Amino acid sequence: PLTPAEVRMLVELFYLPYNHGPQAQRLLEHFRWLLANSLSVGVPATAPDACRGTQWRGRARSFQLLCTQTCRLHSRFVSGAGRALLYDLHPYLWDIRNVLLAASAFVLWLGCQSITAPILLGGDAEPWVRRGGLFGELQALLPAGNSCDLFHHPPPLLPSRQLYLLRPLLPPDKGRPGGRWGAVLPGGMGAGWAEQLSHAPTLVGRLLGSFLSLSPEYTFVLEDEGGPCGYAAGALCAKGFLQRRDSSWLPAMQHKYPRGLGAGAPDVGQEALEEALLFFHAEPQAVPLPVLRRFPSLVQLGTAPRVRDAGASRSLALCLLSALRANGSRGVFCQVGATDRLQLSFYSELG
């Protein structure tokens, strides 16, 4: 059963629509302060006021702890509450968990970026875009808070107690073997399947390599108890990103993975390997200039088949869009093959 402290936290998260309990109030105060003072933190530490930077990191840790406790409360509530109470309250707690997953990762991202432009908050929106309560206030503080399709969606019919961690890309992630990243690549590829390929890194390179090399600062990782299970990657200036990809990254990949590389690959992965090699050696498809003018940023997202919770996928998208919006992006687009039904369905479900 839930502990008295967890019950108290549950009550304080949903105290009154515009009057929050102490822990919920602390969440909001920390988040507002961290957004307002994020320019004092950079990597490397360039802030003239080192004391201010230390204060920022201390409050960021406090905010992360509160987010972690709330996500753990969601998991404990699903496994410990009576069924009638669970189905009554789960939608509200699930909403809070999803928005805090994105907010927590966004704060982590703020702490490891040197932001030169002011953060662009959500701005004015139609009244129906945001709900009341703690959820609505957190949504309004996120830079991509006006992306209403990411917020208005029904909870899963079967609540899951799965714990998720959403965070920015870390240096060790770039060195993961193909089998580890194979679990999160689109197209239903599982880790066990990817590990059977003798040239699995080519699959990773095809889907994520350009972002890992040219735009790692806009890459996020979703993890569950089994390890990485999703990713979101973006490029703030898609025009420059695509030019660098075609002029430097693709030639390097063509040299590293020549056309005849797949000759000795196992039969189980022959088709997928040939598809990856074809990507490296094919002429890149040009993006029309009107698209680049209206949607200047490029995004790409994917989750493992085991991620059945749409809320985690939406949190992943929300975090990436907030990071791009914070640095001035006016809109995003993604590139999907016309026959790639899995990815088309995935993006459609995100809204």
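Refer to the structure above for everything that follows.
Quick caveat, the model's predicted, so the values are computed rather than measured.

Here is what the cut-offs are and how they apply
- Residues numbered from 1 in each chain as written.
- Predicted model: local features only at pLDDT ≥ 70, side-chain atom pairs only at ≥ 80, totals over all residues.
- Heavy atoms only, no water.
- Helix = DSSP H or I, 4+ residues; strand = E, 2+ residues; numbered from the N terminus.
- Buried < 20%, exposed > 50% of the residue type's maximum accessible area, 1.4 Å probe, protein only.
- Contact = heavy atoms within 4.5 Å.
- Areas by Shrake-Rupley, 256 points an atom, 1.4 Å probe, with all protein chains shown as cover.
- Bend = angle between axes of the 7 residues up to and from the residue.
- Pairing = 2+ DSSP bridges.
- Axes fitted to C-alpha atoms, helices over the stretch in contact; angles between N-to-C directions.
- Salt bridge = Lys/Arg side-chain N within 4 Å of Asp/Glu carboxyl O.

Q: Looking at this structure, I do not really get the overall build of the chain. What am I missing?
A: From N to C terminus, the chain includes 13 helices and 5 strands. Burial status across the chain gives 50% buried among its 351 residues. Intrachain contacts of the chain at a sequence separation of at least 6 include 73% that bridge at least 24 residues. By element, 58% of the accessible surface of the chain is carried by carbon and sulfur atoms, the whole surface being about 16,800 Å².

Q: How should helix α9 (residues 238-256) be read in this particular structure?
A: Quick reminder: α-helices carry 3.6 residues per turn. Residues three or four places apart thus point the same way. At Arg245, α9 shows its largest bend, some 45°. Looking at α9, one finds that the buried residues are Ala238, Phe241, Leu242, Arg245, Trp249, Leu250 and Met253.

Q: I tried to follow the sheet that holds strand β1 (residues 165-168) on my own but got confused; where do I start?
A: Consider a sheet: its strands pair through backbone hydrogen bonds, and that pairing is either parallel or antiparallel. With mixed pairing, the 5 strands of this open sheet are ordered in space as β1-β2-β3-β4-β5. With partners counted over all chains shown, the strands left at the sheet margins are β1 and β5 (332-333), one partner each. Where β1 and strand β2 (residues 219-224) come together, 4 bridges link them in antiparallel fashion. Bridge pairing links Leu165 to Glu223 in β2. Packed onto the sheet, helix α12 (residues 310-326) meets β1, β2, β3 (227-235), β4 (297-303) and β5 and runs at close to 160° relative to β4.

Q: Before we go on, may I ask you to explain the pattern of salt bridges in this structure?
A: Between side chains of opposite charge, a pair can form as their charged atoms come close. This model, assessed by the stated rule, comprises 6 salt bridges. Measuring nitrogen to oxygen at the nearest pair gives 3.0 Å for the salt bridge that ties Arg76 to Glu6. Note that Arg76 is positioned in helix α3 (residues 50-80) and Glu6 in helix α1 (residues 4-13), a separation of 70 residues in sequence. Judged by relative accessible area, Glu6 falls into the buried class, the value being 15%. Put simply, Glu223 and Arg167 hold a salt bridge, and the shortest N to O gap is 3.2 Å. With Glu223 in strand β2 and Arg167 in strand β1, this pair connects stretches of sequence that are 56 residues apart. When sorted by exposure, Glu223 lands in the same class as Arg167, which is buried.

Purely geometric stuff here, so don't read any function into it on its own.
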